[in-house]
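# Chains, contacts and geometry: an overview
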Amino acid sequence: QVQLVQFGGGLVQAGGSLRLSCAASGRTFSSYAMGWFRQPPGKEREFVSAISWSGGSSYYADSVKGRFTISRDNALNTVSLQMNSLKPEDTAVYYCAGDRTLTTDYNSLARKSSYDVWGQGTQVTVSS
């Protein structure tokens, strides 16, 4: 079974950048669609971005479109989220997640209930 371990995060000034990475163990990583979600303080976990198993389809929440970029490297069993032009409202605990169904549909990948395995979460704090 795939397990996900996250790296990165931390404190950054508004307008700055951070890169989050998620490393997977297991033999079937390349068959997983991958997503990033975040949970701001006092709020529900929300969709940020997703990428299909092949990397051919990528999706972004409107709130991060044009600022964040998702990528995956199946040879290294990693998925990353490059976050640029960060805003204080990006402050949250960020989670990577994997979906075994091989779907490429946005409506599916934007739902946290679609995912089968989750990383441990990492804090991103953006100061004003």
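Description of the structure in this document. No experiment lies behind these values; they were computed from the predicted model shown.

## Some words on the state of the cysteines
In total, this model carries 1 disulfide according to the counting rule given. Covalently, Cys22 is tied to Cys96 through a disulfide, its sulfur atoms 2.0 Å apart. Taking the sign of the S-S torsion, about 50° here, the bridge from Cys22 to Cys96 comes out right-handed. You can see Cys22 sitting in strand β3 (residues 18-25) and its partner Cys96 sitting in strand β9 (residues 92-99), a full 74 residues away along the chain. Comparing Cys22 with Cys96 shows no difference in burial state: the two are buried.

## Section: the environment of Val117
Turning to its location among the elements, Val117 is positioned in strand β10 (residues 117-118). Along the primary structure Val117 and Gly98 are separated by 19 residues, whereas in three dimensions their C-alpha atoms are 5.2 Å apart. Contact partners of Val117, with chain neighbours within four places excluded, come to Val2, Gln3, Leu4, Tyr32, Cys96, Ala97 and Gly98.

## With respect to the environment of Val5
For Val5, the location among the structural elements is in strand β1 (residues 3-7). Exposure remark for Val5: the relative accessible area of 38% places this residue in the partly exposed category. Put simply, Val5 and Phe29 are 24 residues apart on the chain and 13 Å apart in space, counted from C-alpha to C-alpha. Residues within four places of Val5 in sequence aside, it is in contact with Ser21, Cys22, Ala23 and Gln120.

## Examining the packing of aromatic side chains
Following the criterion strictly, the structure yields 7 aromatic pairs and no others. Measuring from ring centre to ring centre gives 5.9 Å for Phe47 and Tyr106, while their planes differ by 80°; the resulting arrangement is edge-to-face. You can see Phe47 sitting in strand β5 (residues 46-51) and its partner Tyr106 sitting in helix α1 (residues 106-109), a full 59 residues away along the chain. The class of Tyr106 is partly exposed, set by a relative accessible area of 35%.

What counts, and where the lines are drawn
Residues numbered from 1 in each chain as written. Predicted model: local features only at pLDDT ≥ 70, side-chain atom pairs only at ≥ 80, totals over all residues. Heavy atoms only, no water. Disulfide = S-S within 2.5 Å. Helix = DSSP H or I, 4+ residues; strand = E, 2+ residues; numbered from the N terminus. Buried < 20%, exposed > 50% of the residue type's maximum accessible area, 1.4 Å probe, protein only. Contact = heavy atoms within 4.5 Å. Phe/Tyr/Trp six-rings, centres within 6.5 Å; stacked < 30°, edge-to-face > 60°.

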